[in-house]
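Architecture and fold: a report
These are the residues of each chain, in order.
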Amino acid sequence: MAQADLPQAPQQPGQTGVAGLPNQPTQSAKDAQAAASNPNGLTWDDVKARFEAQNPTLKADALNVQEMKAAEITAFLRPNPQFTMSTDGTAIAPHAGSYQPFKGTDLSPNLSYLHEREGKRELRRESAEQGTQIATSQHSDLERNLLFNLRSQFVATLQAKAVLALTREELDYYDHLIDISRLRWQKGDIAQIDFDRIELQRVQYESDLEAAIVNLRQAKIILLQLLDDKTPVEQFDVKGNFDFKDQLQTVEEFQHIALDNRPDLKASYQSVQQAFTNHRLAVANGSTDPTYSAWYTWNSSNNSPDSLQTLGLSVQIPLRVFDKNQGEKARTLIDITKNQRQEDVVNAQVFSDVDSAYVQVESTLHLLRPYKAHYLDQATRVRDTVTYAYQRGGASLLDLLNAQSDFRNVELAYLQLIGTYLTAAGQLNLAVGREVIQ
């Protein structure tokens, strides 16, 4: 039977009219993007909030900040006064035939206090407060890096959902193609071997579908691990805008934002300030601290027999014959320069990170634009045209299979590029220190 004599199924809504093939492949990749938005899934903000509340690594590091805050109290403590009770006048041998050992015993309470000079306590507290600020900045930097890992896994899950949706659409389309080819074979329009080769190609689509299912499940498992969430994988889902934004600020603007927001850069600056404070504290620790003492006695004074109640005072001042703090002064002075050099390193790293991430985002955008503007539609037209021609004897079976493979590769490459873009955008957010690309 000639091709023109084949019965034509009436065109249904959602069909192209090309041998009754479904219409959805013209939007396959875009429909797969939409599949990444599940009304029942968690948004990025939901995932981020759960992560900040539940991640054990982040919670453990937050306790370190609280420990540093408690150390401020210890640093500002005053020296405790010293109380001494001394006794004197107890007889240890008889005299003139009389032995009353406790008759002349004299009790003398003594109170002493070490006075710290040169603002040592204030400097210790200032250094401890700066240590808390550094710990807070380092905690923010840890959160910045962990959120990048979380964001990357979130994007990987969205990509896996989109790829799974695309794979199902393509398998559905190919099943329609098999049904039409079976009809042609039954009518004698194509040979048995051609139909068998078309049907055998379905194995690849089935394999891709199973791989996509496994990849999505694995992506969810890793995401649940990061969230420290025990929700069953089957009940866990995420949703988000799996697409790219064509607008991008200049690299100079991102660099300025990074200089204001990078917590590791802030921590390096705070370390320099603490090094200066520690040096001042080392100098202050080299100063002498007097100890003031006072005591009371109830006994006659040799100088004044009528003085039964007496008060004594003393001041003890260490003699700095040898300065035992010279090494600490030299060490803290060197530490200032070391921290300044480390700040320079981090500052240079900030610019490098922003530049590298920016180039990656920009490069991915250059590839995505032609895909969205031309390649997706072109791949669809080529596939549908070759399919139409094959059904009418104008193309070979090899042409049909190649066109179908090319279409699938273009659609999949587009989704992978979007995943690359979103990951690169997360890298840029990491480099800047806050979310500048949602």
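Below is a summary of the structure that appears in this document. (Residues numbered from 1 in each chain as written. Predicted model: local features only at pLDDT ≥ 70, side-chain atom pairs only at ≥ 80, totals over all residues. Heavy atoms only, no water.)

1. Here we look at the overall build of the protein
- Assigned secondary structure in the protein consists of 10 helices and 4 strands.
- Written out in order from the N terminus, the α and β elements of the protein read α-α-α-β-β-α-α-α-α-α-β-β-α-α.
- In the protein, which comprises 438 residues, the share counted as buried stands at 39%.
- When the accessible surface of the protein is totalled, it reaches about 24,300 Å², and 53% of it is carbon and sulfur. (Helix = DSSP H or I, 4+ residues; strand = E, 2+ residues; numbered from the N terminus. Buried < 20%, exposed > 50% of the residue type's maximum accessible area, 1.4 Å probe, protein only. Areas by Shrake-Rupley, 256 points an atom, 1.4 Å probe, with all protein chains shown as cover.)

2. Focus: the side chain of Ser-112
- With respect to the element layout, Ser-112 can be found in strand β2 (residues 106-114).
- By relative accessible area, which is 12% here, Ser-112 ends up buried.
- Here Ser-112 is in contact with Pro-81, Gln-82, Thr-291, Tyr-292 and Ser-293, once residues within four sequence places are set aside. (Contact = heavy atoms within 4.5 Å.)

3. Regarding the packing of aromatic side chains
- In this structure the tally under the stated criterion is 7 aromatic pairs.
- Here Trp-44 and Phe-154 contribute two aromatic rings whose centre-to-centre distance is 5.5 Å and whose plane-to-plane angle is 55°, an arrangement assigned as tilted. One end of the pair, Trp-44, is in helix α2 (residues 44-54); the other, Phe-154, is in helix α4 (residues 120-186), with 110 residues separating them in the sequence. Each member of the pair, Trp-44 as well as Phe-154, is classed as buried.
- Between Phe-244 and Tyr-421, the aromatic rings sit 6.1 Å apart at their centres with planes inclined by 75°, giving edge-to-face as the arrangement. Of the two residues, Phe-244 is situated in the loop between α6 (202-227) and α7 (251-261) and Tyr-421 in helix α10 (residues 397-432); the sequence distance between them amounts to 177 residues. (Phe/Tyr/Trp six-rings, centres within 6.5 Å; stacked < 30°, edge-to-face > 60°.)

4. Describing the sheet that holds strand β4 (residues 309-316)
- Reading across from one edge, β1-β2-β3-β4 is the order of the 4 strands in this open sheet, with antiparallel pairing throughout. Strands with a single pairing partner mark the edges of an open sheet, and in this sheet they are β1 (82-88) and β4. Neighbour to neighbour, the strand axes of the sheet diverge by 20° on average, direction disregarded.
- Note that strand β3 (residues 291-298) and β4 share 8 bridges and pair antiparallel. Paired with Ala-294 across the two strands is Leu-313, which belongs to β4. (Pairing = 2+ DSSP bridges. Axes fitted to C-alpha atoms, helices over the stretch in contact; angles between N-to-C directions.)

5. Observations regarding the nonpolar core
- Counting residues in hydrophobic clusters, the biggest one holds 70 residues, and the most contacted among them are Val-47, Leu-150, Val-238, Tyr-414, Tyr-421 and Leu-428.
- Contributions of two or more residues to this core are made by α2, α4, α5 (192-200), α6, α7, α9 (326-391) and α10.
- With 16 residues, α10 is the largest single contributor of residues to this core.
- In this structure Leu-150 touches Trp-44, Val-47, Lys-48, Phe-51, Leu-223, Leu-226 and Leu-227, once residues within four positions along its chain are discounted. (Core = buried A, V, L, I, M, F, W, Y, C linked by side-chain atoms within 4.5 Å.)

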